[in-house]
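Here is how the chains run, residue by residue.
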Amino acid sequence: MWTPSPKYIPLKPQDLHLWFLPLPEKTLLTDHYWQVLSPDEQSRAHSFRFEKNALEFIQTRAALRYLLAFYSSQKPTEISFGQNEYGKPSFPELYFNVSHTDGAALLGFTLAGELGVDIENTERAVEVDLVAKHFFAPREVEKLLAMTPAEKQAAFYRCWTRKESIIKALGTGLSFPLKEFEVEFLLDRPAHLLQTHWDSTEIDQWWMKAFELEDPFVSAVAMRGKALSCHTWRWDDSLLWP
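First, a word on scope: everything that follows refers to the structure included in this document.

Calculation notes
- Residues numbered from 1 in each chain as written.
- Predicted model: local features only at pLDDT ≥ 70, side-chain atom pairs only at ≥ 80, totals over all residues.
- Heavy atoms only, no water.
- Pairing = 2+ DSSP bridges.
- Helix = DSSP H or I, 4+ residues; strand = E, 2+ residues; numbered from the N terminus.
- Axes fitted to C-alpha atoms, helices over the stretch in contact; angles between N-to-C directions.
- Salt bridge = Lys/Arg side-chain N within 4 Å of Asp/Glu carboxyl O.
- Buried < 20%, exposed > 50% of the residue type's maximum accessible area, 1.4 Å probe, protein only.
- Contact = heavy atoms within 4.5 Å.
- Core = buried A, V, L, I, M, F, W, Y, C linked by side-chain atoms within 4.5 Å.
- Arc of directions from axis to C-beta.
- Phe/Tyr/Trp six-rings, centres within 6.5 Å; stacked < 30°, edge-to-face > 60°.
- Lys NZ or Arg CZ within 6 Å of the ring centre and 35° of its normal.

1. Points about the sheet that holds strand β11 (residues 217-224)
Okay, so step 1: Read from one edge of the open sheet, 3 strands run β7-β11-β10, paired in antiparallel fashion. Each having just a single partner strand, β7 (115-121) and β10 (206-212) make up the two edges of the open sheet. The mean inter-strand angle of the sheet, taken between neighbouring strand axes irrespective of direction, is 15°.
Okay, so step 2: Here β7 runs beside β11; their pairing, made up of 7 bridges, is antiparallel.

Put into structure tokens, the structure is as follows:
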């Protein structure tokens, strides 16, 4: 499903492009990645307490710059970001979103509408019942608590990634309560937005899909609009040398 990186990447009006980026703990290309970061990004990388987190940030941010450069026919160092009032990064020529977790990142690009992506490592320990009761909508909690202990952790992450993808597409950050909407996360049903508590017509404006990844990762994408064609690629370092 996640094919090797292409050399030519046309982004058509209703396309969704997703890139899976493995984040190894060590790489020989750190200096190469570092050189394309802006001074502000380099300063942010220095602020991380642990080297692993800094390296993941450097790799993800550099990959974002390279991919935006491909789509916009610019150099990676020429990419300039804007942001909305909540701090969500933006780019003038397309919609994009980035998510990373322990060991991997997911980057999404489209021309069709506001986009949100989320990736999680399901091996990360989480107090499922406690977190769900605090963040999820009541009917989501009811479904989750009815599951067996063996089912709960995977179901939790399916729900979490789908809700996070909506929040990230909205671009309002943590100021928007996760309890204000419900998503479908049962294993035998496709991902979609079930209900929004602020506007019943809102669900018709959203497209959502879960994408399979190699274990232990799970992901989801949400977009205001609809992608007619989805392309999924696995990043490789050949993209650094077009």
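2. Remarks on the pattern of salt bridges
Okay, so step 1: Using the criterion set out here, one finds 13 salt bridges in the structure.
Okay, so step 2: Glu120 is the salt-bridge partner of Arg124, the closest N and O atoms lying 3.9 Å from each other.
Okay, so step 3: For Glu120, a relative accessible area of 11% translates into the label buried.
Okay, so step 4: Through salt bridges that share partners, Lys52, Glu56, Asp102, Glu120 and Arg124 make up one connected network.

3. Examining the sheet that holds strand β2 (residues 15-22)
Okay, so step 1: Judged by pairing direction, the sheet is mixed, and its 5 strands sit side by side in the order β1-β12-β2-β6-β5 without closing on themselves. The sheet terminates laterally at β1 (3-4) and β5 (95-101), the two strands that pair on one side only.
Okay, so step 2: In terms of strand pairing, β1 meets strand β12 (residues 229-234) through 2 bridges, oriented parallel. In the strand pairing of β12, Pro4 is matched with Arg234.
Okay, so step 3: Contacts between helix α3 (residues 51-72) and the sheet are confined to β2, β5, β6 (104-110) and β12, with β6 contributing the most and set at about 20° to the helix.

4. A closer look at the nonpolar core
Okay, so step 1: Grouped together as the largest cluster of nonpolar side chains are 30 residues, with contacts concentrated most on Trp19, Leu67, Leu68, Tyr71, Leu94, Phe109 and Trp235.
Okay, so step 2: At the level of secondary structure, the elements contributing two or more residues to this core comprise β2, α1 (30-36), α3 and β6.
Okay, so step 3: If you tally residues by element for this core, the top one is α3, at 9 residues.
Okay, so step 4: Ignoring anything within four residues of it in the chain, the contact list for Leu67 reads Trp19, Leu107, Phe109, Trp235 and Leu239.
Okay, so step 5: Among the nonpolar cores identified, the runner-up in size contains 26 residues, and Val131, Cys159, Phe181 and Val183 belong to it.

5. With respect to the pairing of β7
Okay, so step 1: For β7, a buried count of 7 out of 7 residues is recorded, marking the element as mostly surrounded by other parts of the structure.
Okay, so step 2: Residue alternation in β7 divides its side chains into two sets, Leu115, Val117, Ile119 and Asn121 and Gly116, Asp118 and Glu120, and both sets are buried.

6. Considerations on helix α5 (residues 138-145)
Okay, so step 1: When we look at burial in α5, the residues that qualify are Glu140, Val141 and Leu144. Down the axis of α5, the smallest arc covering the buried residues is 100°, so these residues share one side. The exposed residues of α5 that point more than 90 degrees off its buried face are Pro138 and Glu142.

7. Points about the environment of His100
Okay, so step 1: Structurally, His100 is set in strand β5.
Okay, so step 2: Overall, the relative accessible area of 46% leaves His100 in the partly exposed class.
Okay, so step 3: Sequence separation between His100 and Ala146 is 46 residues, and the spatial gap between their C-alpha atoms is 30 Å.
Okay, so step 4: Apart from residues lying up to four places away in sequence, His100 is in contact with Leu23, Glu56, Thr60, Ala105 and Ile119.

8. A few points about the packing of aromatic side chains
Okay, so step 1: With the rule as written, the count across this model stands at 15 aromatic pairs.
Okay, so step 2: Ring centres of Phe176 and Phe181 lie 6.3 Å apart, and the angle between their planes is 40°; this geometry places the pair in the tilted category.
Okay, so step 3: For Phe181, a relative accessible area of 0% corresponds to the buried category.
Okay, so step 4: Site record: aromatic cluster; members linked through ring pairs are Phe135, Phe136, Phe156, Tyr157 and Trp160.
Okay, so step 5: Arg61 extends its terminal NZ or CZ atom over the ring of Phe81, reaching a point 4.5 Å from the ring centre.
Okay, so step 6: For Lys163, the ring lying beneath its charged end belongs to Phe181, and the centroid distance is 4.2 Å.

In short, geometric facts, not functional conclusions.
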